Amino acid sequence: MSTPTTLPVFPGTVNAAGHPATLGVMGGGQLGRMFVHAAQRLGYFTAVLDPDAHSPAGRVSHHHVQTGYSDARGLAQLASLCAAVTTEFENVPASALQALAAHGPVAPGAAAVAIAQDRIEEKSHFTASVGVAGVACAPYAVIETPEQLQAVSADLLPGILKTARMGYDGKGQVRVKDAAELAAAWASLKEVPCVLEKLLPLKAECSVIVARGWDGRIVSFPPQFNVHVGGILAVTEVYEGNMPAALATRAQAATEAIANHINYVGVLCVEFFLIDDGSEHGALVVNEMAPRPHNSGHYTLDACDVSQFDLQVHAMAGLPLPQPRQHSPAIMLNLLGDVWLDAAGQPRTPDWQAVLALPGVHLHLYGKLDAHPGRKMGHLTVTGADVAGVKATARQAAAILSLPGFEAA
Ligand code: ADP
Ligand code: MG
């Protein structure tokens, strides 16, 4: 893919119609909000398309196109405002990105997003692109018909049945022990297309974020060590030695291969499992990809000289992609709605006074006003001069806010 003729678009410029250089984003959640902040800091105007009047990104953007993602008028309005458009969530209809691409640059493109929207497509793509790097997917079977359900090999059980589309944060997944549970689980998922994955003995999980430009240049952040609780990311730790160097290199190479194979443009995150295969460090298994900035990359805002959101801005606008440098060890703790509820389920205000008194704590709240369990309300990143100090502070913050996952890390 070569750079579109209308790029680069520089911030602070005005087009022929007199409009200031504006970048657009499909989706108005927290990822869109942090993207908007990064774009605005550089001097761009921003436009967000999201149906929700109170979307976190819509509230902070110059323009908020408040329509559905497939609304032709909304898409036309976004296209007319923007010099380039990106997306902040992978379930935006690929057809909407295709419609926008008729008017101007869209990164990532509809084809890449369509792959990430469907676990079946995604696994085929992984198999085709990362074999070189020696990283495979979990053993799996596609279940779209009763015949495929019947034919499932016993080797895949116990397993996890996952809907092919629309799953996130552990939603759309059922753990099954045997064929009877599998059949019941598929029925409970309304017999939509699914994949059954073998349940793997996870030692750990990690992710890698890269940014790739229109010209094929690719830069990457160091591998993130992630802890999930209840299927939702709880903790990300990033510092020298957070995982064995050989595995880090391999995860990085696999992620670059995945991005290169589809001529990806923009920020891409690939999630991996580290499994116990009897070897010293374990083996890497590629799990899934997110065609956008990722929760495990939020630490880049505070611990790196350029963030994942800065790189999304650079990539889509055709600006140079500098190699990011992490300048501080970092631990990111997710703040779910549970933090706003006491043990009896009654609303409470978290003890920010105590948390904000800790050195190197960076609090990010997304402007969501109603907290409910499991809802991503914000995160905090701890930075510091050394890993031991960062860990000690993170432990204190986790204790003050009763956050899960860190002690296990
Ligand atoms: P989501 O789209 O919800 O993030 P994932 O496929 O990443 O879906 O699954 C969520 C979490 O469930 C993973 O981060 C991991 O902790 C666990 N998990 C998923 N697949 C497997 C598997 N095959 N074996 C063991 N654990 C798994
Ligand atoms: Mg996941």
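Residues numbered from 1 in each chain as written. Chains lettered and ligands numbered in written order. Predicted model: local features only at pLDDT ≥ 70, side-chain atom pairs only at ≥ 80, totals over all residues. Heavy atoms only, no water.

## Description of the domain arrangement of the protein
- If you check the domain split of the protein, you get domain 1 (22–106), domain 2 (139–198) and domain 3 (202–408).
- For domain 1 versus domain 2, the separation of C-alpha centres amounts to 34 Å. (Domains from an automatic or database assignment.)

## A few points about the coordination of the magnesium ion (ligand 2)
- Each protein donor to the magnesium ion (ligand 2) is listed here as Glu271 (OE) and Glu288 (OE); together their distances run 1.9 to 2.7 Å. Of this pair, Glu271 sits in strand 14 (residues 266–275) while Glu288 sits in strand 15 (residues 283–290), and the two are 17 residues apart along the sequence. (Donors = N, O, S within 2.8 Å, 3.2 Å for Na, K, Ca; no water. Helix = DSSP H or I, 4+ residues; strand = E, 2+ residues; numbered from the N terminus.)

## Comments concerning the nonpolar core
- Ranked by size, the top nonpolar core spans 49 residues in total, and within it Phe272, Leu333 and Leu380 carry the most contacts.
- If one sorts the elements of this core by residue count, helix 8 (residues 245–261) sits on top with 6 residues.
- When near neighbours in sequence (up to four residues on either side) are disregarded, Leu333 contacts Ala234, Val235, His379, Leu380, Ala394, Ala397, Ala398, Leu403 and Phe406.
- Listed in part, the 24 residues of the second largest apolar core include Leu23, Val36, Ala84 and Leu319. (Core = buried A, V, L, I, M, F, W, Y, C linked by side-chain atoms within 4.5 Å. Buried < 20%, exposed > 50% of the residue type's maximum accessible area, 1.4 Å probe, protein only. Contact = heavy atoms within 4.5 Å.)

## Some details on helix 3 (residues 94–101)
- Considered for burial, the residues of helix 3 that qualify are Ala94, Ala96, Leu97 and Leu100. End-on, the buried residues of helix 3 take up no more than an arc of 160°, which puts them together on one face.
- Considering only its buried residues, helix 3 is in contact with strand 1 (22–26), helix 2 (72–81), strand 4 (84–87) and helix 4 (110–116). (Arc of directions from axis to C-beta.)

## Some details on the packing of helix 2 against helix 3
- At a closest axis distance of 9 Å, the pairing of helix 2 and helix 3 adopts a crossing angle of 45°. In terms of axis orientation, helix 2 runs oblique to helix 3. Of the two elements, helix 2 crosses helix 3, and the hand of that crossing is right-handed. In contact with Leu75, Leu78 and Ala79 of helix 2, helix 3 contributes Ala96, Ala99 and Leu100.
- Here the residues of the contact of helix 2 with helix 3 are counted per class, giving 6 nonpolar, no polar and no charged. (Axes fitted to C-alpha atoms, helices over the stretch in contact; angles between N-to-C directions. Parallel < 35°, antiparallel > 145°, perpendicular 65-115°, else oblique. Left-handed = near helix turned anticlockwise from the far one by under 90°. Nonpolar A, V, L, I, M, F, W, Y, C, P; charged D, E, K, R; others polar.)

## Quick word on the site of ligand 1
- Taken together, 19 residues form the shell around ligand 1, and within it Lys162, Gly170, Glu205, Asn287 and Glu288 come nearest.
- The backbone of Leu200 places a nitrogen or oxygen atom 3.0 Å from a nitrogen atom of ligand 1.
- Between ligand 1 and Asn287 there is a distance of 2.8 Å, counted from an oxygen atom to a side-chain nitrogen or oxygen.
- Protein chains bury 93% of the 540 Å² of accessible surface belonging to ligand 1 in isolation.
- A class-by-class count of the residues in the shell around ligand 1 yields 6 nonpolar, 5 polar and 8 charged.
- Of the residues that make up the shell around ligand 1, three or more belong to each of domain 2 (139–198) and domain 3 (202–408). (Near = heavy atom within 4 Å. Polar contact = N/O pair within 3.5 Å; in protein donor to acceptor, adjacent residues only side chain to side chain. Areas by Shrake-Rupley, 256 points an atom, 1.4 Å probe, with all protein chains shown as cover.)

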